[in-house]
Amino acid sequence: MPILKDKLTQQIPALRKEAQALLKENGNTVISEVTIAQAFGGMRGVKGLVCDTSVVDADKGLAVRGIPIGDLADRLPEEIFYLLLSGELPDKAALADFQGELRARAQVPDYIWNVLRAMPEDSHPMTMFSTAVLVLERESVFRRRYAEGMPKDQYWEAALEDSLQLLAKLPTIAAGIYRMHYGKGNPIPSNPALDWGADYAFMLGLPDPDGQFANLMRLYLTLHCDHEGGNVSAFTSHTVGSALSDPYYAVSAGLDGLAGPLHGLANQECLHFVLGTRKKFGGVPTDAQLREYAWNTLKEGHVIPGYGHAVLRITDPRFTAFHKFGERVCAQDDVFRIVDRIFALVPDVLREQGKAKDPWPNVDAISGSLLYHFGLTEFDYYTVLFGVSRALGLTSQLVINRALGTPITRPKSVSTAWIKGAAAGARRAAAA
Ligand code: HAX
């Protein structure tokens, strides 16, 4: 049996027992309250989901299975998937075994390319990507086995098989979309000698004489892997998967959420801002010019893209990991230098303005500038890259949820009339 599957086979009975015991002994313990503001406000801060793959702490940032993401920056994305799923980093043998599992599943069926070629030329790369995942659904082992009466305790195995099939093919599909959509020529076949991230870089076909673009891709795929359970893509994928829709359906749905400008698309906005700054000043502005430009942006009622976060209250450690990479690899690049100066100046400007709860950069403030440096200049494509990485988190969350028998998601919605009634009741109780 493959090492990862064997490990999960051993771990899962204990995880199930742990969850059952917790529920039996503490099922009625209250862990969250919901205010009217939260009900109207995207359920911010409501604790109503369990996710063990990763946690985002306001003062520390993302930790994958308890390990700060900054400490994982030198790891391969395959290692991160193994960690997300099993809670442990693989040793050399387990990593090689897992990479072999992916390689064995990497072949993309021809019908995917036919569907992608048949799509209108102006289809967004994210639409193409999500469509390809959905069209692959015909391969689903989960759906076939479910129809054959698969026992519930085997759901996770079928979900794992679908996840591996999908992850193995995503770089080839995503790189093929890049080449097709931007007229770069035919898709480049996968190189089985390369790891997952380097192979993706290779198939994109951009020049990489010293291997640093491959390093950036590995880093990018590692840093964007997961961001706990309540963000739009993870929550969407979780909800769709909870209906026992198979991982192809669930990941495709998650990607559709990632495509939104308030979620995965934000990194485009940041690069627009940086390139706009360079254009305005004909290069890297002075600190005085940049400070004034930032103030003018705020005075015009715009946000500084890449700064602030709904949860974080520190410099995003993923920003820090990218920043270190940029300092090492392209410190003299104009675009990187502007990103660096913005980082030096904008937090003070935002603090002085006093509105943003978090004046620090998030990951989107920098990722695009590094891609741009290596010639990946097609902004519309950046969310696809994000999606390849985020599929690691989505699929590991799905497998764990099927292993734990997580039931269908069904929070209770209430009407505005009901809320008015609840508010009036609370006022009466306070006055009594
Ligand atoms: N520039 C200017 N004003 C900002 C700001 C910024 N970067 N960040 C927050 N503010 C403002 C908000 O617009 C809000 O103003 P109003 O009261 O006038 O509405 C006020 O500060 C309080 O906002 P907040 O509570 O600090 O922030 P939110 O949790 O509401 O929003 C956002 C978090 C990330 C959406 C926000 O900080 C923002 O718009 N940042 C810029 C866009 C950006 O970087 N998006 C990428 C987010 C990363 C991500 O999750 N990607 O998937």
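Because the structure is a prediction, the values reported are computed rather than measured.

**Student:** I would appreciate a short explanation of the overall build of the protein chain in the present structure.
**Tutor:** Tallying secondary structure elements over the protein chain gives 19 helices and three strands in all. Computed over its C-alpha atoms, the radius of gyration of the protein chain comes to 23 Å, within 12% of the 22 Å expected for a compact globule of 432 residues. Across its three principal axes, the protein chain shows a C-alpha extent of roughly 75 × 65 × 45 Å. The burial tally for the protein chain puts 48% of its 432 residues in the buried class. If you take every contact in the protein chain between residues at least 6 apart in sequence, the share linking residues at least 24 apart comes to 75%.

**Student:** Got a minute to help me understand the side chain of Arg 402 in this structure?
**Tutor:** Tracing the chain through its elements places Arg 402 in helix H18 (residues 382-404). Here Arg 402 sits buried without a salt bridge, and the closest side chain of opposite charge, Asp 246, lies 10 Å off (N-O distance). Not counting the four nearest positions on each side in its chain, Arg 402 is found in contact with Phe 142, Tyr 155, Trp 156, Ala 159, Gly 241, Ser 242 and Leu 244.

**Student:** Please clarify how the side chain of His 227 should be interpreted in this entry.
**Tutor:** Its place among the elements puts His 227 in the loop between helix H10 (212-223) and helix H11 (232-242). Polar contacts involving the side chain of His 227 include one to the side chain of Arg 318, which spans 3.3 Å.

**Student:** Looking at this structure, I do not really get the site of the ligand. What am I missing?
**Tutor:** Close to the ligand lie 18 residues, the nearest being Ile 304, Gly 306, Tyr 307, Lys 355 and Lys 357. In this structure, Arg 44 approaches the ligand through a side-chain N or O atom, which is 3.5 Å from an oxygen atom. In the environment of the ligand, an oxygen atom lies 3.2 Å from a nitrogen or oxygen atom belonging to the backbone of His 263. Summarising the interface, the protein chains cover 67% of the accessible area of the ligand, which totals 930 Å² for the free molecule.

**Student:** Explanation requested: the environment of Gly 257 in the structure shown.
**Tutor:** Tracing the backbone shows Gly 257 in helix H12 (residues 247-258). Each C-alpha atom of the pair Gly 257 and Glu 378 lies 20 Å from the other, and the pair is 121 residues apart in sequence. Beyond its immediate sequence surroundings of up to four residues, Gly 257 is in contact with Val 232 and His 263.

**Student:** In this structure, what is going on with the nonpolar core? I would like to understand it.
**Tutor:** Across soluble globular proteins, nonpolar side chains have a tendency to be buried as a group. Membership of the largest hydrophobic core comes to 115 residues, with the highest contact counts inside it found for Phe 129, Tyr 200, Leu 204, Phe 213, Phe 322, Leu 376 and Tyr 381. Per-element accounting of this core gives the leading share, 15 residues, to helix H8 (residues 155-181).

**Student:** Would you mind showing me how to read the sheet that holds strand S3 (residues 67-68) here?
**Tutor:** Remark on secondary structure: sheet strands pair via backbone hydrogen bonds, oriented parallel or antiparallel. Spatial strand order, S1-S2-S3: three strands in an open sheet with antiparallel pairing. Across the chains shown, the open sheet's two edge strands, defined by having one partner strand only, are strand S1 (54-57) and S3. In this structure, strand S2 (residues 61-64) lies alongside S3, joined through two bridges in antiparallel fashion. Bridge pairing in S3 places Val 64 opposite Ile 67.

**Student:** Can you help me understand the environment of Ala 403 in this one?
**Tutor:** Inspection of the secondary structure puts Ala 403 in helix H18. Distance from Ala 403 to Asp 71, taken between C-alpha atoms, is 28 Å for residues 332 residues apart in sequence. With residues up to four places along the chain from it excluded, the contact list for Ala 403 reads Ile 12, Arg 16 and Trp 156.

**Student:** What's the story with the packing of aromatic side chains in this structure? I'm lost.
**Tutor:** How two aromatic rings sit relative to each other is set out by the distance from centre to centre and by the angle between their planes. Counted by the stated rule, this structure contains 14 aromatic pairs. Arranged with centres 5.5 Å apart and planes meeting at 15 degrees, the rings of Phe 81 and Phe 98 form a pair that is stacked. Taken as a pair, Phe 81 in helix H3 (residues 77-86) and Phe 98 in helix H4 (residues 92-104) lie far apart in primary sequence, 17 residues in all. An aromatic cluster of three or more residues is present, and its members are Phe 142, Tyr 146 and Tyr 155. A cation over an aromatic ring shows up here: Lys 280 above the ring of Phe 281, its NZ or CZ 5.6 Å from the ring centre.

**Student:** What is the right way to look at helix H9 (residues 196-204) in this model?
**Tutor:** Each α-helix winds once per 3.6 residues, and so residues spaced three or four apart point in a common direction. Of all nine residues making up H9, eight are buried, and the element is well covered by its neighbours. Within H9 the residues assigned to the buried category are Trp 196, Gly 197, Ala 198, Asp 199, Tyr 200, Ala 201, Met 203 and Leu 204. Tucked into the core, H9 has its buried residues touching H3, H4, H8, H10 and H18. Looking one or two places after H9, you find Gly 205, whose phi comes out positive at around 85 degrees.

**Student:** Looking at this structure, how should I read the pattern of salt bridges?
**Tutor:** Close approach of charged atoms allows side chains with opposite charge to pair. Scanning the entire structure with this criterion turns up 14 salt bridges. Between Arg 138 and Glu 139 there is a salt bridge, and its shortest N-O distance comes to 3.3 Å. Accessibility expressed as a relative area gives 35% for Glu 139, which makes it partly exposed. The structure contains a network of salt bridges with shared partners spanning Glu 101, Arg 105 and Glu 161.

Cut-offs applied
- Residues numbered from 1 in each chain as written.
- Predicted model: local features only at pLDDT ≥ 70, side-chain atom pairs only at ≥ 80, totals over all residues.
- Heavy atoms only, no water.
- Helix = DSSP H or I, 4+ residues; strand = E, 2+ residues; numbered from the N terminus.
- Rg over C-alpha atoms; globule rule 2.2 N^0.38 Å.
- Buried < 20%, exposed > 50% of the residue type's maximum accessible area, 1.4 Å probe, protein only.
- Contact = heavy atoms within 4.5 Å.
- Lys, Arg positive; Asp, Glu negative; His and termini not counted.
- Salt bridge = Lys/Arg side-chain N within 4 Å of Asp/Glu carboxyl O.
- Polar contact = N/O pair within 3.5 Å; in protein donor to acceptor, adjacent residues only side chain to side chain.
- Near = heavy atom within 4 Å.
- Areas by Shrake-Rupley, 256 points an atom, 1.4 Å probe, with all protein chains shown as cover.
- Core = buried A, V, L, I, M, F, W, Y, C linked by side-chain atoms within 4.5 Å.
- Pairing = 2+ DSSP bridges.
- Phe/Tyr/Trp six-rings, centres within 6.5 Å; stacked < 30°, edge-to-face > 60°.
- Lys NZ or Arg CZ within 6 Å of the ring centre and 35° of its normal.

Note that all results are geometric; they support no functional claim without further evidence.
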